[in-house]
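Observations on the three-dimensional arrangement
The lines below spell out each chain.
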Amino acid sequence: MTSTIEAPRSPRTPKGPYGRSTKKSGVNWEKWGWIYMRVSGVVLVVLIFGHLFVNLMIGEGVSALNFAFVAGKLTNPFWMVWDIIMLWLALIHGGNGMRTLVNDYATSRISRGILKVAILVSVVALIVLGTLVVFTFDPCPAGAPADLVASFCKSL
Amino acid sequence: MPQTAGTLDSQQKTTSRRPAGTLYRGNTGMWSWVLHRITGVAIFFFLLVHILDTALVRVSPEAYNAVISQYQTPIMGLGEVALVGAIVFHAFNGLRIILIDFWNAKYQRVLFYVVIGLWVVTMLGFVPRHLINVFSH
Ligand code: HEM
Ligand code: HEM
């Protein structure tokens, strides 16, 4: 963020950073973003550590991951809710963090604008995609080979 | 501000060539911040790819298994060690930032060593088990 520092006690300039008005706009979005980073961070520690523990440490860890493993989790409401909350919190936290980096390092107004729109578009697209995946998941797709799907598909 | 000849500000008076320790510059404060940034960006880009690879469960079991089997190769196994190392650091240091903001900035340096300690302990628990899972298959 570039802003000129005025000499002490000089009168208030009408324009703030990025040439925006310094008039109070009601809601202080930067403050709520700051709070969001901290609140989501605390929750994410639990969700991500749990995710990594179940997927990497239990049983044979990463070697046990396959379609049938995911079918076991995404038919369980507990893990569905877990994954959805983790998806939303992590993407918004990461996207907001990336916005901070753009503000810090992108030098021109145009590059800042383009990069922030790119971040917003990818975050929204992936939230929609990830949410749809969890809610529309089909553990026993028609015609799938029996050795690739979960054992409970046989009884269908 | 114009510098009047003959006066020294407090910074120039110190014997050290570096600016005096602040919360963020030059010492643990700065390095923890740099690492927090780098790990945050790395995790973000991993997550973008990770949601796409998970979405393959909606394509077909074959497509998902083909991609997830890439996660099970020795090289990716080492990559997962790096990823988990980055997340564990970002998570513990994130909690440190929160404690500094809401509790007491006085302990920021001590807390940094606590973060390093917890990171080492967590990685000692994770790495051997993960490498056994990766290399015994
Ligand atoms: C190498 C480490 C990782 C492995 C092997 C892994 C594996 C998996 C697997 C198998 C799934 C399918 C569903 C489930 O198990 O609940 C999944 C989903 C998911 N993972 Fe991971 N994961 C890893 C790291 C991470 C990290 C670091 C994050 C967060 C930053 C994360 C976030 C997610 C999310 C949000 C979903 C749900 C995606 C969706 O809604 O479509 N994962 N992961
Ligand atoms: C594991 C739990 C996590 C905790 C406790 C945590 C905590 C934090 C905190 C406290 C900040 C500082 C915000 C500020 O200075 O205002 C931050 C920044 C950031 N986080 Fe996280 N975070 C976590 C997970 C993640 C994940 C999963 C991602 C990626 C998807 C991520 C990406 C970032 C980025 C890019 C920044 C900005 C870095 C900067 O401004 O220097 N974090 N995090």
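Everything discussed here concerns the structure shown above.
Remember, predicted model here, so these are calculated numbers, not experimental data.

Cut-offs and rules
Residues numbered from 1 in each chain as written. Chains lettered and ligands numbered in written order. Predicted model: local features only at pLDDT ≥ 70, side-chain atom pairs only at ≥ 80, totals over all residues. Heavy atoms only, no water. Donors = N, O, S within 2.8 Å, 3.2 Å for Na, K, Ca; no water. Tetrahedral: all angles 85-135°; square planar, octahedral: opposite > 155°, others 65-115°. Helix = DSSP H or I, 4+ residues; strand = E, 2+ residues; numbered from the N terminus. Buried < 20%, exposed > 50% of the residue type's maximum accessible area, 1.4 Å probe, protein only. Phe/Tyr/Trp six-rings, centres within 6.5 Å; stacked < 30°, edge-to-face > 60°. Contact = heavy atoms within 4.5 Å. Buried area = accessible area lost by both parts, 1.4 Å probe. Salt bridge = Lys/Arg side-chain N within 4 Å of Asp/Glu carboxyl O. Nonpolar A, V, L, I, M, F, W, Y, C, P; charged D, E, K, R; others polar. Near = heavy atom within 4 Å. Polar contact = N/O pair within 3.5 Å; in protein donor to acceptor, adjacent residues only side chain to side chain. Disulfide = S-S within 2.5 Å.

Notes on the coordination of the iron atom of ligand 2
- Within the first shell, the iron atom of ligand 2 binds the protein through H93 of chain A (NE2) and H90 of chain B (NE2), at distances of 2.0 to 2.1 Å.
- Given six donor atoms and angles of 85 to 179° at the metal, the environment of the iron atom of ligand 2 is assigned as octahedral. With one member in each of two chains, H93 of chain A in helix α3 (residues 77-105) and H90 of chain B in helix α4 (residues 74-102) form a pair that bridges those chains. Across the pair, H90 of chain B and H93 of chain A agree in class, each one buried.

Overview of the packing of aromatic side chains
- What the rule picks out here adds up to nine aromatic pairs over all chains.
- An angle of 65° between the planes, with centres 5.6 Å apart, marks the rings of W34 of chain A and F102 of chain B as edge-to-face. A residue pair is termed interchain when its members come from two chains, as with W34 of chain A in helix α1 (residues 29-57) and F102 of chain B in helix α4.
- With relative accessibility at 55%, the residue F102 of chain B sits in the exposed group.

Structural notes on the interface of chain A and chain B
- At the interface, 45 residues of chain A touch 40 residues of chain B.
- Approximately 3,500 Å² of surface area, both sides summed, lies buried where chain A meets chain B, with 75% of it carried by carbon and sulfur atoms.
- Counting across the chain A and chain B interface gives two salt bridges.
- Note that R37 of chain B and D104 of chain A form a salt bridge whose closest N and O atoms lie 2.6 Å from each other.
- Only α1, α2 (67-74), α3 and α4 (109-136) of chain A provide two or more residues apiece to the side of chain A that touches chain B.
- Looking at the side of chain A that touches chain B element by element, the count peaks at 11 residues for α3 of chain A.
- The class makeup of the residues in the side of chain A that touches chain B is 30 nonpolar, 11 polar and four charged.

Regarding the site of ligand 1
- Near ligand 1 there are 23 residues, and of these H51, D83 and G130 of chain A together with H50 and I87 of chain B occur at the shortest range.
- Note that a nitrogen atom of ligand 1 is positioned 2.8 Å from one of the side-chain N or O atoms of H51 of chain A.
- Between an oxygen atom of ligand 1 and a side-chain N or O atom of N55 of chain A, the distance comes to 3.2 Å.
- Counting residues per element, the ones that place at least two in the shell around ligand 1 are α1, α2, α3 and α4 of chain A together with α2 (28-55) and α4 of chain B.

A short note on the coordination of the iron atom of ligand 1
- Within the protein, H51 of chain A (NE2) and H50 of chain B (NE2) serve as the donor atoms for the iron atom of ligand 1, at 1.9 to 2.0 Å.
- The coordination sphere of the iron atom of ligand 1 comprises six donor atoms, whose angles at the metal cover 84 to 179°; the geometry is octahedral. On the criterion of chain membership, the pair formed by H51 of chain A in helix α1 and H50 of chain B in helix α2 is interchain, its members lying in two chains.
- For H51 of chain A, a relative accessible area of 15% gives the class buried.

Concerning the state of the cysteines
All names here are of chain A.
- One pass over the full model with this rule turns up one disulfide over all chains.
- Disulfide pairing is shown between C140 and C153; the S-S distance is 2.0 Å. Judged by the sign of its S-S torsion, about -85°, the bond between C140 and C153 is left-handed. With C140 in the segment after α4 and C153 in the segment after α4, this residue pair connects regions lying 13 residues apart in the sequence.

Comments concerning the environment of G113 of chain A
Residue and element names in this part refer to chain A.
- Tracing the chain through its elements places G113 in helix α4.
- Overall, G113 belongs to the partly exposed group, its relative accessible area being 32%.
- When the C-alpha positions of G113 and W88 are compared, they lie 23 Å apart, and in sequence the two are 25 residues distant.

It is worth stressing that arrangement in space is one thing and function is another; only the former is reported here.
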